[in-house]
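Structure at a glance
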Amino acid sequence: FCLMAAPGKVAAFRLPPLPTIGEIIKLFRLKALKQLSQNFLLDLRLTDKIVKQAGELKNAHVCEVGPGPGGITRSILSAGVEQLLLIEKDARFIPGLQMLSEAAPGKVRIVHGDILTYKMEKAFPKHLKKNWEDEPPDIHIIGNLPFSVSTPLIIKWLENVSKRDGPFTYGRTQLTLTFQKEVGERLTANPGSNQRSRLSIMAQHLCTVENCFIIPGQAFVPKPQVDVAVVHFTPLVQPKIEQPFELVEKVVRSVFQFRRKYCFRGIETLFPENGRLKRTEQLMMTANVDPTLRPFQLSMSQFRNLCNAYRKMCDEDPSLFVFNYREELKQKKTTGSLLGSRGQPEQTEEENQL
């Protein structure tokens, strides 16, 4: 299905005439399932715009996550990709995707499976691999993700970036994904912003994160109650915090545990009750962080200092890293219960918030 090209010019790929996405939905009696937070994007101008944010896709290898009825799939194929891998969990969409596959012979591979468990390190040809320091490989991941999947999936992929495994065994593979507008704002929030959160730090210390544009909710069928952000990720050559993912995640999660309070309140939860205050002061002094700043006011370099100082303390006392504040709270509550109703402590604010 290539058009004839003028001599010396590469033929452009064109999909043959196909039923519209709306017709595909009617033909296969597809219905967005609310429990799976599915929303279809039928406007091909918008799907083209999403695909354009991924960059140059001519002759690239692309993985589309959750293609559904295939709107973005058509835009990806029209961009002239070499190979397109479709990973779809919902079996109802497979026949419609097979129709697209037949319209683009040799270009499409369909996997009926769950992206959260799919082995992405085997998804692409080995010859596409690049060194981490090189330009990103000619591999892209694109997806209009169900809201229920988007946040756990990006956390999983950020961990993959940190460890350079999964889809990042090929190098600094780029991602173009949709999120609820609020999640998109968190991913890109700067210090001082009310949207600054654990997600902001985890994403920005590993990637360049760009909030590309907003799609109004009414563009989707059925219409979600929120607008949708298209976000582009390019892994950094050098992470801004050079510590293991689990350590950074623990420190950042602790800091944001009490986001309305001074940051030292969350940092305290890194340490057992015995010696908590002394160790918290030691950590904050070593990291040179003002304990009266709110969590959302901390800069990336301050988070880096906190992680580096905490790593040093964990190296000196390995039991620190496995300490779990929630478990300590549970044990205190159990002990209080055993004392009988007279000795039972009241529900603490910490327990309410956690």
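Not measured: the values here are computed from a predicted model. Each residue is numbered by its place in its chain's sequence as written, counting from 1. For this predicted model, a pLDDT threshold of at least 70 governs which residues receive local features, and a threshold of 80 or more governs which side-chain atom pairs are given and counted, while totals over whole chains, interfaces and linings are taken from all residues. Processing note: side-chain calculations cover all non-hydrogen atoms of the structure and skip hydrogens and water entirely.

What follows is about the UniProt feature "binding site: S-adenosyl-L-methionine" (unreviewed entry) in the protein chain. UniProt positions are given in the numbering used here, feature names are shortened, and annotations may be inferred rather than shown by experiment. In the numbering used here, UniProt assigns the "binding site: S-adenosyl-L-methionine" (unreviewed entry) feature to Asn39, Leu41, Gly66, Glu88, Asp114 and Asn144. The secondary structure listing takes helices from DSSP runs of H or I that are at least 4 residues long and strands from runs of E that are at least 2 residues long, numbered from the N terminus. By secondary structure assignment, the location of Asp114 is in the loop between strand S4 (108-112) and strand S5 (139-143). In this structure the side chain of Asp114 is engaged in a polar contact, spanning 2.9 Å, whose partner is the backbone nitrogen of Leu116. As for its position among the elements, Asn144 is in the loop between S5 and helix H5 (147-163). Filtering out sequence-adjacent residues up to four positions away, Asn144 remains in contact with Asn39, Leu41, Val65, Gly66, Ile72, Thr178 and Phe220. Pairing of N or O atoms within 3.5 Å defines a polar contact, subject to two protein rules: one partner must be a possible hydrogen donor and the other a possible acceptor, and residues neighboring in sequence count only if both atoms are side-chain atoms. Here Thr178 takes part through its side chain, which lies 2.9 Å from a polar atom of the side chain of Asn144. Contacts are assigned to residue pairs with any non-hydrogen atoms lying within 4.5 Å of each other.

Now for the pattern of salt bridges. A side chain of one charge can pair with a side chain of the opposite charge if their charged atoms are brought near each other. One speaks of a salt bridge when a side-chain nitrogen belonging to Lys or Arg is within 4 Å of a carboxyl oxygen belonging to Asp or Glu. For the structure shown, the criterion picks out 14 salt bridges. A salt bridge links Asp315 to Arg311; its shortest N-O distance comes to 3.2 Å. With Asp315 and Arg311 both in helix H11 (residues 300-316), this residue pair falls 4 residues apart, about one helical turn. Partly exposed describes any residue whose relative accessible area lies between the buried limit of under 20% and the exposed limit of over 50%, with all areas from a 1.4 Å probe on protein chains only and scaled to the type maximum. On the basis of relative accessible area, Arg311 is assigned to the partly exposed category, the value being 30%.

The next thing to look at is the pairing of strand S3 (residues 83-88). Moving residue by residue along a regular strand, the side chains alternate between the two faces of the sheet. Most of S3 is tucked away: 5 of the 6 residues are buried. Two strands pair under a simple rule: DSSP has to find at least two bridges between them. Two elements, strand S2 (residues 61-65) and S3, share 5 bridges in a ladder whose sense is parallel. Counted as the bridge partner of Val65 is Ile87 from S3. Looking down the strands as they point away from the viewer, one classifies a crossover as right-handed if the path from the first strand across the helix to the second runs clockwise. Read as a crossover between parallel neighbours, the route from S2 over helix H3 (residues 71-78) to S3 is right-handed. By the bridge criterion, 5 bridges tie S3 to S4 in an arrangement that is parallel. By the bridge assignment for S4, Glu88 is matched with His112.

So, about the packing of aromatic side chains. Here a Phe, Tyr or Trp ring, Trp counted by its six-membered ring, pairs with any other such ring whose centre lies within 6.5 Å, and the pair is stacked when the planes are under 30 degrees apart, edge-to-face when over 60, and tilted otherwise. By the definition in use, this model includes 5 aromatic pairs. Relative to Phe264, the ring of Tyr262 has its centre 6.4 Å away and its plane inclined at 35°; by these criteria the two rings are tilted. Looking at Tyr262, the relative accessible area reads 37%, which means it is partly exposed. On the numbers, 6.3 Å between centres and 70° between planes, the contact of Phe271 with Tyr310 is edge-to-face. With Phe271 in the loop between helix H9 (263-267) and helix H10 (276-287) and Tyr310 in helix H11, this pair connects stretches of sequence that are 39 residues apart. There is no split in this pair, since Phe271 and Tyr310 are both buried. In our convention, an over-ring charge means Lys NZ or Arg CZ found within 6 Å of a ring centre and within 35 degrees of that ring's normal. Stacked on the ring of Tyr170, the Lys or Arg Lys129 has its end atom at 5.9 Å from the ring centre.

This part takes up the sheet that holds strand S9 (residues 228-235). Strands sit in the order S4-S3-S2-S5-S6-S9-S7 across an open sheet of 7 strands; the sheet is mixed. Looking at the sheet topology across the chains shown, the edges are occupied by S4 and strand S7 (207-215). In this sheet, neighbouring strand axes are inclined to one another by 20° on average, regardless of whether the strands run parallel or antiparallel. Judged from the 8 bridges that link them, S7 and S9 form a sheet pairing that is antiparallel. Opposite Cys207, over in S9, you have Pro235 as the bridge partner. Strands in contact with H5 are S2, S5, strand S6 (174-180), S7 and S9; relative to S6, the strand with the most contacts, it is inclined by about 150°. Between N-to-C directions, angles cover 0 to 180 degrees, with each direction set by a line fitted to C-alpha atoms, over the stretch in contact for helices.

Okay, helix H8 (residues 245-255) next. Burial of H8 is extensive: 9 of the 11 residues sit out of reach of the surface. When H8 is considered as a whole, its buried residues turn out to be Phe245, Leu247, Val248, Glu249, Lys250, Val251, Val252, Ser254 and Val255. Buried positions along H8 lie against H5, helix H7 (198-204), H9, H11 and helix H12 (319-322).

We now examine the environment of Leu277. On the secondary structure map, Leu277 appears in helix H10. The exposure class of Leu277 is exposed, given its relative accessible area of 54%. Leu277 sits 13 residues away from Phe264 along the chain, and the two C-alpha atoms are 9.5 Å apart.

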